[in-house]
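The chain contents come next:
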Amino acid sequence: MKSSREKAFFLRLGFTGARIGLGLLFAWAAVGKLADSVAFADDMANYRVLPASWVAPMTATIPGIELTVAALLIVGLYTRAAATITAGMLLVFTVAIGQALGRGVNLSCGCFGGAPEPASSWTVLRDVALLFWAVAIAVFSPEPSVVGVDTPISKA
Amino acid sequence: MRILVLVRQSLGISASGAVLGLAINAASVHGVDLRRPVFAAAEAGTGTCTGPGSTRITPTAAAGLCSDCTVAFVDARTSSAFALGHVAGAVHLPPVGHADEAQQLRELSSKRTVVVYDDASSCNLADAVVHRLRQVGLGDVRVLEGGWTAWHGTGHPAASGACDLCAVGHP
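This structure is a prediction, so every number in the text was calculated from the model and none was measured. (Residues numbered from 1 in each chain as written. Chains lettered and ligands numbered in written order. Predicted model: local features only at pLDDT ≥ 70, side-chain atom pairs only at ≥ 80, totals over all residues. Heavy atoms only, no water.)

**Brief notes about the pairing of strand β4 (residues 113–117) of chain B**
All names here are of chain B. Among the 5 residues in β4, 5 count as buried, and that is most of the element. Here β4 shows two buried faces, one formed by T113, V115 and Y117 and the other by V114 and V116. Relative to strand β5 (residues 140–144), β4 is paired through 4 bridges, and the arrangement is parallel. Opposite T113, over in β5, you have D140 as the bridge partner. (Buried < 20%, exposed > 50% of the residue type's maximum accessible area, 1.4 Å probe, protein only. Helix = DSSP H or I, 4+ residues; strand = E, 2+ residues; numbered from the N terminus. Pairing = 2+ DSSP bridges.)

Rendered as structure tokens:
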């Protein structure tokens, strides 16, 4: 029979792992896009949801935001805000892929840069799962986390 | 009140991230030209890499040069893209260069014409390589209109023909 203190510790441990895992995933996605911005721009243009003149600026800014929230999630700083932005981005990605699939547009999702990855219903399911993951961190993540620098700030 | 704090923090982080992204893009050789529109492949008509920039050459004209051993093709894309498929006889030279670059540049200098290609709407990888090749003294350096997609899509040699024999590094 575990004590409530032990339960709380394992809950915090679980959320800390989830936070760091999501951060690493977004860091990987950002680095992949930055390594081949041109391919990412082409992938984004192929979604046909943005005016052509907006694609390049969005190509430059999205990996930067991903990298920033990834760093914050990994170190545990402004965790709720970083997870909220992550959830927002995942919602946009999911809708963008869903509408492309709905219109029958055949495209590479551009999710992680690098080698082309065809967008499919599996991609949508994966993004929905990640979306729930991010929302859970934003809403339910207990404080303090096992490893993270949010706690001293929230106590300040 | 906590919601307002969350919104304020989220906006601040997003803005900081956007600035970081723009800064990385400006500093990176892989960056995109922010002023250049990027069209979907289906809307681009003739394919990618057709905008203004370095001297262009059409795939048909470039294919005509393919049997000329004084012409070399340079692939400016990533090494993984190059490995998946490239113009027959092309050498791989991304804008960031690589370990064998000096040898390659010497050999390219012996060519009368060098055709550079990438697979981007903006041709910026190819343009960057053209700029570098001109800096080392190459005169006739051109960018392939439509890049790899147009070349491959129009059935020009990707793995056979005289280009293999004329490739840089071969007699």
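**Comments concerning helix α4 (residues 101–109) of chain B**
Residues and elements named next belong to chain B. Every buried residue belonging to α4 is among E101, Q104, L105 and L108, and all of these are buried. Considered in projection along α4, the buried side chains sweep an arc of 100 degrees and stay on one side of the axis. The inward-facing, buried residues of α4 abut β2 (71–75), β3 (91–92), β4 and α5 (124–135). (Arc of directions from axis to C-beta. Contact = heavy atoms within 4.5 Å.)

**Digging into the packing of helix α2 (residues 37–47) of chain A against helix α3 (residues 52–75) of chain A**
Residue and element names in this part refer to chain A. Interaxial distance between α2 and α3 falls to 9 Å at its minimum, and their mutual angle equals 120 degrees. Comparing their axes, α3 and α2 come out oblique. Note that α2 runs across α3; the crossing there is right-handed. Between α2 and α3, the contacting residues are S37, F40, A41, M44 and A45 on the first element and V55, M58, T59, I62 and P63 on the second. Residues that form the contact of α2 with α3 fall into these classes: 8 nonpolar, 2 polar and no charged. (Axes fitted to C-alpha atoms, helices over the stretch in contact; angles between N-to-C directions. Parallel < 35°, antiparallel > 145°, perpendicular 65-115°, else oblique. Left-handed = near helix turned anticlockwise from the far one by under 90°. Nonpolar A, V, L, I, M, F, W, Y, C, P; charged D, E, K, R; others polar.)

**Points about the interface of chain A and chain B**
When the parts come together, some accessible area is lost, and that loss is often what is quoted as the size of the interface. The interface of chain A with chain B comprises 30 residues on the first partner and 33 residues on the second. Together, the buried faces of chain A and chain B total about 2,400 Å²; carbon and sulfur atoms form 71% of this surface. In this structure, the connection of chain A to chain B is made through 0 salt bridges. At the boundary of chain A and chain B, one finds 1 residue pair in polar contact (both at pLDDT 80 or more). Those elements that provide at least two residues to the side of chain A that touches chain B are α1 (4–35), α2, α3 and α4 (79–102) of chain A. The dominant element in the side of chain A that touches chain B, judged by the number of residues it contributes, is α3 of chain A, at 14 residues. For the side of chain A that touches chain B, the residue count by class is 18 nonpolar, 8 polar and 4 charged. (Buried area = accessible area lost by both parts, 1.4 Å probe. Salt bridge = Lys/Arg side-chain N within 4 Å of Asp/Glu carboxyl O. Polar contact = N/O pair within 3.5 Å; in protein donor to acceptor, adjacent residues only side chain to side chain.)

**Considerations on the sheet that holds β3 of chain B**
All names here are of chain B. Strand order in the open sheet formed by 5 strands is β1-β5-β4-β2-β3, and the pairing between neighbours is parallel. Both edges of this open sheet fall to β1 (56–57) and β3, since each of them pairs with a single strand only. This element, α5, spans β1, β2, β4 and β5 of the sheet and lies at about 175 degrees to β5.

**Things to note about the nonpolar core**
Within the largest apolar cluster, 52 residues are counted, with the highest numbers of intra-cluster contacts made by V74, L108, V114, V116 and L133 of chain B. With 8 residues, the top contributor of residues to this core is α3 of chain A. Residues contacting L133 of chain B, with those up to four places away along its chain left out, are L93, L105, L108, V114, V116, L138 and V141 of chain B. Of all hydrophobic cores here, the second largest spans 14 residues; its members include I57, V71, A90 and W151 of chain B. (Core = buried A, V, L, I, M, F, W, Y, C linked by side-chain atoms within 4.5 Å.)

**Structural notes on the packing of aromatic side chains**
Residue and element names in this part refer to chain B. Applying the stated criterion across every chain, the model contains 4 aromatic pairs over all chains. Considering the side-chain rings of F73 and W151, the 5.3 Å spacing of their centres and the 55 degrees angle between planes classify their relative orientation as tilted. A residue pair is termed long-range when its members are at least 10 positions apart, and F73 in strand β2 and W151 in helix α6 (residues 147–153) qualify at 78 residues. Judged by its relative accessible area of 0%, W151 falls in the buried class. (Phe/Tyr/Trp six-rings, centres within 6.5 Å; stacked < 30°, edge-to-face > 60°.)

**Points about the pattern of salt bridges**
Residue and element names in this part refer to chain B. Counted under the stated rule, the structure contains 4 salt bridges over all chains. The shortest N-O distance in the salt bridge between R142 and D140 comes to 2.9 Å. On the basis of relative accessible area, D140 is assigned to the partly exposed category, the value being 28%.

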